[in-house]
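Coordinate inspection notes
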Amino acid sequence: MTLHQHHPYSLEDTWNTGVVILAAGSGERLGLGPKALVSLAGKPMLIHVLEAVTANEQVSSVVITAPEDTLSDVEELVRRSEPTLPIRVVAGGTTRQASARAGLSALPPEANWAAVTDAARPFTRPGTVDSLLAHVRAAVGAEAHLQPCGIVPVIPLADSIHMAADGPLLAEPVDRHPLRAAQTPQVFHRSCLADIYRSAAATGSTWTDEAGLVHACGGRVLSAPGDPANFKITYQHDLVLAEAVHTHTATLAQRPLEAR
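Residues numbered from 1 in each chain as written. Predicted model: local features only at pLDDT ≥ 70, side-chain atom pairs only at ≥ 80, totals over all residues. Heavy atoms only, no water.

A short note on the packing of aromatic side chains
- If you walk through the whole model with that rule in mind, you get four aromatic pairs.
- Taken together, a centroid distance of 5.7 Å and an interplanar angle of 85° make the contact between tyrosine 9 and tryptophan 15 edge-to-face. Just as tyrosine 9 is buried, tryptophan 15 falls in that class too.
- Grouped by ring-pair contacts, the aromatic residues Tyr9, Trp15 and Trp113 constitute a single cluster. (Phe/Tyr/Trp six-rings, centres within 6.5 Å; stacked < 30°, edge-to-face > 60°. Buried < 20%, exposed > 50% of the residue type's maximum accessible area, 1.4 Å probe, protein only.)

The following block contains the structure:
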């Protein structure tokens, strides 16, 4: 399926952004239940992410997708966090893509841009969404015909990459220099992303992130420098590392500037 129109938008428009936080995963690989509710430094990972995404000037609303049997728990957790923006909790789908589509549909109608992010990235920096939107504005301002569907933060790969083969032998190596690892939040023009979700649902197309889906459907996706510290918590060793990083960051913040 090819996307034939890119939903032109103007730099003069107000870019009202809603955020979808994907928190409906079971956390099977982590083995501690839903990752969003797992504690990091005494606070659920979901709340770390919620605090980061609400600390953006252009974000006006947030939708959290959660497992259906935890909706009331997540709603109470959000209430106790005393959020500064309207927050809605909805049931996620059976796949990441289905959850993202459900979250997008639940955003208020005035949100004409949407950021999709993972609850398992607790080190997302405040202001990240604003920064990504600024990159889009700069790119469109320089080339008015560009009209990308969205933008994704990426980082270069550090490890050597090889193709897999049958049995214990490796296949040929892959040049890692043109490769990038995509992070979240990923920010898109809402109408463009909504059309792509509908088309993907109709054709059964599935991808592991919005950038892959948009590109597969013929949409343009910009890239911006990501943040190596914004790693995703997937396995238990990631959580151990995250605790260490949080402790180090908190200790550093308490030291006088001249001692850092």
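Description of a nonpolar patch on the surface
- A cluster of nonpolar side chains, Met163, Val174 and Leu179, forms an exposed patch at the surface whose accessible area comes to about 210 Å².
- Note that methionine 163 resides in the loop between β8 (161–162) and β9 (173–174).
- The class for methionine 163 is partly exposed, based on a relative accessible area of 41%. (Patch = residues over 30% accessible without salt bridge, like charges linked within 9 Å, V, L, I, M, F, W, Y side chains within 5 Å. Areas by Shrake-Rupley, 256 points an atom, 1.4 Å probe, with all protein chains shown as cover. Salt bridge = Lys/Arg side-chain N within 4 Å of Asp/Glu carboxyl O. Helix = DSSP H or I, 4+ residues; strand = E, 2+ residues; numbered from the N terminus.)

Here's the deal with the state of the cysteines
- One pass over the full model with this rule turns up one disulfide.
- Its sulfur unpaired, cysteine 217 is 8.8 Å from the next cysteine sulfur, which belongs to cysteine 192.
- Taking the relative accessible area as the measure of exposure, cysteine 217 reaches 3% and is therefore buried. (Disulfide = S-S within 2.5 Å.)

Comments concerning the side chain of aspartate 227
- Note on placement: aspartate 227 falls in the loop between β12 (221–225) and α7 (236–254).
- Of the polar contacts made by the side chain of aspartate 227, one reaches the side chain of arginine 125; its length is 2.6 Å. (Polar contact = N/O pair within 3.5 Å; in protein donor to acceptor, adjacent residues only side chain to side chain.)

Quick look at the pairing of β12
- Burial along β12 is one-sided: the residues Leu222 and Ala224 are buried and none of Val221, Ser223 and Pro225 is.
- As defined by bridge partners, strand β7 (residues 150–156) adjoins β12 across five bridges and the pair is classed as parallel. Counted as the bridge partner of proline 153 is alanine 224 from β12. (Pairing = 2+ DSSP bridges.)

Considering the pairing of strand β11 (residues 186–189)
- Both faces of β11 are covered, namely the face carrying Gln186 and Phe188 and the face carrying Val187 and His189.
- Relative to β11, strand β6 (residues 113–118) runs antiparallel, the two being bridged by four bridges. Within β11, the residue paired with tryptophan 113 across the bridge is histidine 189.

What to know about the nonpolar core
- In terms of nonpolar packing, the biggest core is built from 34 residues, with Ile21, Leu46, Val62, Ile64, Val136 and Val187 touching the most fellow members.
- When contributions to this core are tallied by element, the ones reaching two or more residues are β1 (17–22), α1 (45–54), β4 (59–66), α2 (71–80), β6, α4 (128–142) and β12.
- Counting residues per element, this core draws most heavily on α4, which supplies six residues.
- Beyond its immediate stretch of four places on either side in the chain, valine 62 contacts Val19, Ile21, Leu50, Val53, Thr54, Pro86, Ile87 and Arg88. (Core = buried A, V, L, I, M, F, W, Y, C linked by side-chain atoms within 4.5 Å. Contact = heavy atoms within 4.5 Å.)

Considerations on the pattern of salt bridges
- On inspection of all chains with the given rule, the structure shows eight salt bridges.
- A salt bridge links arginine 198 to aspartate 195; its shortest N-O distance comes to 2.2 Å. Separated by three residues within a single helix, arginine 198 and aspartate 195 lie in helix α5 (residues 190–203), roughly one turn from each other.
- Note on aspartate 195: relative accessible area 22%, which makes it partly exposed.
- Each of Arg96, Asp118, Arg121 and Glu210 takes part in salt bridges that share partners, so that together they form one network.

A word on α1
- Counting buried residues along α1, nine of its 10 residues qualify, which places the element largely inside the surrounding structure.
- Inspection of α1 places Met45, Leu46, Ile47, His48, Val49, Leu50, Ala52, Val53 and Thr54 among the buried residues, and these make up the whole buried set.

A look at the confidence of the model for the chain
- Across the chain, the average pLDDT comes to 89, with 91% of residues at 70 or higher.
- When pLDDT is averaged over each helix and strand of the chain, the minimum, 80, is found for α7 and the maximum, 98, for β1.
- Of the regions scoring below 50 in pLDDT, residues 1–5 engages in 10 contacts with residues more than four places distant in sequence or in other chains. (pLDDT = per-residue confidence, 0-100.)

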